[in-house]
Amino acid sequence: MTAFAVERGAAETAAPLYVLSNCAGLLAGWLYGLRRWRGAPQVQLAFMTAWLALSCLPLLAAGSCAELGLGLVLVVTGLAVPPVLVLSSVLTAASVDRAALTQAFTWLNSASAAGSAGAAAMSGRAVDASGAHGGFAIAAAATAAMAVLAAAHARAAWGRRIDSGPPPHRSTS
């Protein structure tokens, strides 16, 4: 975001753009937490990561800071992040034994930090090589990969739910 604003000669717009995105995220996290969701967390995660990936696409076409800020691209993107983080924690808690929960959350947080650090390094290199849109391309590709993985996980979970009945009786005759 900063590189985009600086490239356009409007470095002073970077902070308000971050504020806009982060306030949207705060609101989304609060609203998400207020509602009792009926759908399976795996399906919710697949939906939210797809939303995040799709909302990154307009960043690739943005031509000016006004277009980026006024187009609500950052608000829409910011709305998806908190539910993704919450759902990651919900799925982690649901998939490990209670005795290993602290270790599981440590792994989740470590993976998140490593992913953020790696993404920042890759985006920085892309910005240096191709400008701000190179950084946006890294974000779009990463969120698309996340959406594909979440959809595959949701599909596998759905299959386990359907296939989790008793095994068919086999006759030995």
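A quick note: this is a predicted structure, and the numbers were derived from the prediction, not measured.

Cut-offs used in this document
Residues numbered from 1 in each chain as written. Predicted model: local features only at pLDDT ≥ 70, side-chain atom pairs only at ≥ 80, totals over all residues. Heavy atoms only, no water. pLDDT = per-residue confidence, 0-100. Helix = DSSP H or I, 4+ residues; strand = E, 2+ residues; numbered from the N terminus. Contact = heavy atoms within 4.5 Å. Core = buried A, V, L, I, M, F, W, Y, C linked by side-chain atoms within 4.5 Å. Buried < 20%, exposed > 50% of the residue type's maximum accessible area, 1.4 Å probe, protein only. Expected span 1.5 Å × (residues − 1). Phe/Tyr/Trp six-rings, centres within 6.5 Å; stacked < 30°, edge-to-face > 60°.

Another point: the confidence of the model for the chain. On average, the chain scores 86 in pLDDT, and the residues at 70 or more come to 87%. Taken element by element, the predicted model of the chain shows its lowest mean pLDDT in helix α4 (residues 65-70) (61) and its highest in helix α6 (residues 101-130) (95). In the predicted structure, residues 162-171 sits below a pLDDT of 50 and forms zero contacts with residues beyond four places in sequence or in another chain.

A separate point is the nonpolar core. Tyr32, Leu45, Ala46, Met48, Leu52, Ala80, Val84, Leu87, Leu91, Ala150 and Ala154 form the largest nonpolar core, which has 11 residues in total. Elements with a contribution of two residues or more to this core: α3 (41-61), α5 (73-95) and α7 (132-163).

The next subject is α3. In this model, α3 (21 residues) spans 32 Å end to end at C-alpha, consistent with the 30 Å of a helix rising 1.5 Å per residue. Among the residues of α3, those classed as buried are Gln42, Gln44, Leu45, Ala46, Met48, Thr49, Leu52, Ala53, Ser55, Cys56 and Leu59.

The next subject is the environment of Ala154. Its place among the elements puts Ala154 in helix α7. Assessed through its relative accessible area of 10%, Ala154 is described here as buried. As for Ala154 and Ala46, which are separated by 108 residues in sequence, their C-alpha atoms are 6.6 Å apart. Setting aside residues up to four positions removed in sequence, Ala154 forms contacts with Gln42, Val43 and Ala46.

Looking at the element boundaries, Ser55 is found in helix α3. Contact partners of Ser55, with chain neighbours within four places excluded, come to Val73, Val76 and Thr77.

Turning to the packing of aromatic side chains, a few remarks are in order. Within this structure, the stated rule accounts for three aromatic pairs. Judged by centre distance (5.5 Å) and plane angle (45°), the ring pair of Phe4 and Phe136 falls under tilted. Taken together, the positions of Phe4 in helix α1 (residues 2-7) and Phe136 in helix α7 put the pair 132 residues apart, joining distant regions of the chain. Of the two residues, Phe4 and Phe136, neither departs from the other in class, the shared state being buried.

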